[in-house]
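Descriptive analysis of the structure
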Amino acid sequence: MKGMTKTDLITNQHYNFSERDLLQYALGGLMYTPAHNAKASDLLINRKYENLHAMAFCLEDAIADGTENEALKQLNITFCNVRKAVDSGLIKQSCLPYLFVRVKYPEQLMKVYNLIGRYNLLKGFIFPKFDTENAEEYLNELIEANNCSDYVIYGMPILESWNIADICRRPGQLTQIKSTLDDVKSHLLYIRIGGNDFCNRFGIRRNITDTIYDIRVISDIISNIVNVFSGDYVISAPVWEYFKQTDNASDEWSRGLVREINQDILNGLIGKTAIHPTQLSVIDSVLAVSSDDYNDAVNILNWNDDLLAVSKSHSGNRMNEKKVHGNWAKKILIRASVYGIAK
């Protein structure tokens with residue numbers, strides 16, 4: 001956390017934020033690494049990346065076909081090494097990022113859980129190409145894992161398939177997926193959006209000066225997903241493809257990332273998939289809230305005027321309405337509790 005701590009921000013307020021409420025906002029830039037990565041345990045134990053809040057070990061696109069067994073073997077070694085480091089006092093478990101596994105197909109979920117669940121380090125699973133054709137299979141596997149676990153194992157579906165990109169099928173797909181997910185809502189952290197997969201469907205790729213929202217066909221998909229899911233779920237933004245290559249590289253990549261994250265937030269998305277460590281601090285810094293937003297959110301959720309439900313903002317330059325801005329205020333305070341107040 002940056003700036004003020006969670007205790008400073010919300011302990012003395014009666015907002016009733018749950019652990020899941022906070023966790024949904026706490027992943028920041030979820031960074032992927034291939035499950036084959038033999039260096040992963042060292043970077044976790046030695047806290048190589050200060051802003052790494054969550055890591056996903058990928059068993060899908062990041063590993064070559066036919067190498068699943070080798071990847072699972074390395075994944076077991078990685079989790080075993082980290083468990084030993086925690087047990088020996090080399091690192092506190094609370095100092096580790098949240099650890100997830102992106103599986104390739106539903107039946108792989110329990111195979112992975114049976115392999116590494118015993119280490120008590122796994123936070124959840126990510127479901128790629130999630131749509132009506134595989135939703136029930138993935139969720140049944142998630143339920144089975146939770147039945148075997150002493151703590152909650154979370155799921156994060158990625159919406160990225162052609163069934164969703166296709167405008168003719170999209171409305172039915174999204175509403176049916178939403179209905180299916182609602183049955184296990186308490187075990188879900190995010191709805192993730194696979195922007196690059198959607199772009200690939202149309203043969204499109206954004207430049208460093210563009211945002212995903214400049215691609216109208218993709219922006220429309222994101223808008224539909226937000227429309228269906230944002231009332232009940234946190235939605236995570238697509239990956240930004242550009243990163244810092246060398247110490248003397250231009251900062252155009254980070255300006256583009258900041259520009260896109262601001263658009264993410266404006267459009268109702270929180271958090272971002274990260275593909276490179278240099279992106280992590282940028283993501284955190286943009287997710288920090290302004291002091292004006294924080295003060296207004298506190299005032300809205302602690303409204304003390306019995307006559308009026310509208311007032312000037314803390315800075316006096318905009319309007320606050322108790323009945324209109326409550327959901328926004330809650331999200332602002334959750335973000336502030338994790339990422340602090342921007343300086």
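Located above this text is the structure these notes cover.
Residues numbered from 1 in each chain as written. Predicted model: local features only at pLDDT ≥ 70, side-chain atom pairs only at ≥ 80, totals over all residues. Heavy atoms only, no water.

Another point: the pattern of salt bridges. Scanning the entire structure with this criterion turns up 19 salt bridges. A salt bridge links Lys-129 to Asp-197, with the nearest nitrogen and oxygen atoms 3.3 Å apart. Placement of the pair is Lys-129 in the loop between β4 (122-127) and α6 (135-148) and Asp-197 in helix α9 (residues 195-202), with a sequence separation of 68 residues. What makes Lys-129 partly exposed here is its relative accessible area of 24%. (Salt bridge = Lys/Arg side-chain N within 4 Å of Asp/Glu carboxyl O. Helix = DSSP H or I, 4+ residues; strand = E, 2+ residues; numbered from the N terminus. Buried < 20%, exposed > 50% of the residue type's maximum accessible area, 1.4 Å probe, protein only.)

What follows is about the layout of surface pockets. Size it by volume and the largest pocket reaches roughly 900 Å³. If you trace the largest pocket, you find 31 residues lining it, with His-53, Ser-94, Leu-96, Pro-97 and Tyr-98 closest to the centre. Among the secondary structure elements, those contributing two or more residues to the lining of the largest pocket are α2 (19-25), α3 (40-45), β3 (98-102), β4 and α14 (326-339). The leading source of residues in the lining of the largest pocket is α2, at 3 residues. Of the volumes computed, that of the second largest pocket is approximately 600 Å³. If you trace the second largest pocket, you find 23 residues lining it, with Tyr-25, Ser-230, Val-234, Asn-327 and Lys-331 closest to the centre. Counting residues per element, the ones that place at least two in the lining of the second largest pocket are α2, β7 (234-236) and α14. Per-element accounting of the lining of the second largest pocket gives the leading share, 7 residues, to α14. Residues belonging to the lining of the second largest pocket are distributed by class as follows: 10 nonpolar, 5 polar and 8 charged. (1 Å grid on protein atoms, 1.4 Å probe; cavity = no way out; pocket = protein on both sides within 12 Å on 5 of 7 lines; lining within 4 Å. Points joined across faces, edges and corners; volume = space filled by probe spheres on them. Nonpolar A, V, L, I, M, F, W, Y, C, P; charged D, E, K, R; others polar.)

Within helix α5 (residues 108-116) the residues assigned to the buried category are Gln-108, Leu-109, Met-110, Val-112, Tyr-113 and Ile-116. On its buried side, α5 packs onto α4 (68-87), β3, β4 and α6. (Contact = heavy atoms within 4.5 Å.)

So, about the packing of aromatic side chains. A full pass over the atoms with the stated rule returns 7 aromatic pairs. Plain terms: the ring middles of Phe-127 and Phe-130 are 6.1 Å apart, the flat faces sit at 25 degrees to each other, and that makes the pair stacked. With respect to class, Phe-127 is no different from Phe-130; both count as buried. The rings of Phe-127, Phe-130 and Tyr-138 are connected pair by pair, giving a single aromatic cluster. Sitting over the ring of Tyr-233, Lys-185 keeps its end group 5.9 Å from the ring centre. (Phe/Tyr/Trp six-rings, centres within 6.5 Å; stacked < 30°, edge-to-face > 60°. Lys NZ or Arg CZ within 6 Å of the ring centre and 35° of its normal.)

Turning our eyes to something else, we now look at a nonpolar patch on the surface. Residues Leu-308, Val-310 and Met-319 make up a contiguous nonpolar surface patch of roughly 270 Å² in combined accessible area. Structurally, the position occupied by Leu-308 is in the loop between α13 (291-301) and β9 (310-312). (Patch = residues over 30% accessible without salt bridge, like charges linked within 9 Å, V, L, I, M, F, W, Y side chains within 5 Å. Areas by Shrake-Rupley, 256 points an atom, 1.4 Å probe, with all protein chains shown as cover.)

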